[in-house]
Amino acid sequence: MPNHSTPTPPVPDGPLDTAPRFGVPQAVATVSFPALGAILHLSGMPMQDIFVLLGGCGALGAAAVAVASGRRLAAGLAAAALRAAAGK
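As the structure is a computational prediction, the values presented were derived from the model and not from experiment. (Residues numbered from 1 in each chain as written. Predicted model: local features only at pLDDT ≥ 70, side-chain atom pairs only at ≥ 80, totals over all residues. Heavy atoms only, no water.)

S.K.: Please explain the overall build of the chain as it appears in this structure.
M.R.: Scanning the chain from N- to C-terminus turns up two helices and zero strands. Relative to its 88 residues, the chain shows a buried fraction of 3%. By element, 71% of the accessible surface of the chain is carried by carbon and sulfur atoms, the whole surface being about 7600 Å². (Helix = DSSP H or I, 4+ residues; strand = E, 2+ residues; numbered from the N terminus. Buried < 20%, exposed > 50% of the residue type's maximum accessible area, 1.4 Å probe, protein only. Areas by Shrake-Rupley, 256 points an atom, 1.4 Å probe, with all protein chains shown as cover.)

S.K.: Sorry, what's going on with the packing of helix 1 (residues 24–42) against helix 2 (residues 47–86) here?
M.R.: When two helices pack together, their arrangement is given by the angle between the helix axes and by the axis-to-axis distance. Here helix 1 crosses helix 2 at 150°, and the two axes come no closer than 10 Å. With respect to helix 2, the axis of helix 1 lies roughly antiparallel. Helix-helix and strand crossings are classified by hand; for helix 1 and helix 2 the assignment is right-handed. Along its contact with helix 1, which presents Phe33, Leu36, Gly37, Leu40 and His41, the element helix 2 presents Met47, Ile50, Leu53, Leu54, Cys57 and Gly58. In terms of residue class, the contact of helix 1 with helix 2 is made up of eight nonpolar, three polar and no charged. (Axes fitted to C-alpha atoms, helices over the stretch in contact; angles between N-to-C directions. Parallel < 35°, antiparallel > 145°, perpendicular 65-115°, else oblique. Left-handed = near helix turned anticlockwise from the far one by under 90°. Contact = heavy atoms within 4.5 Å. Nonpolar A, V, L, I, M, F, W, Y, C, P; charged D, E, K, R; others polar.)

S.K.: Honestly, the environment of Pro34 in this entry has me stumped. Any pointers?
M.R.: Topologically, Pro34 is positioned in helix 1. Judged by its relative accessible area of 53%, Pro34 falls in the exposed class. Spatially, the C-alpha atom of Pro34 lies 9.2 Å from that of Leu54, the residues being 20 residues apart in sequence.

Structure representation (structure tokens):
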């Protein structure tokens, strides 16, 4: 009597691909920051104020990503610092 059990899916040999990809959030930020800068400039806002405003928005976004990624980001930064200290 043949065995008709469901086959198990293959297990990958190496680590899973967790490399960051360019997706919708990155595309929105890439397009929206220059667009907002152009709109603010056309409305009469000085360039220096635009750079400060958009730079602050970018810093807040980077801080939010850093808090959200937590330990993994800290481990990556620590590893980069160790490699830099070792001269690699």
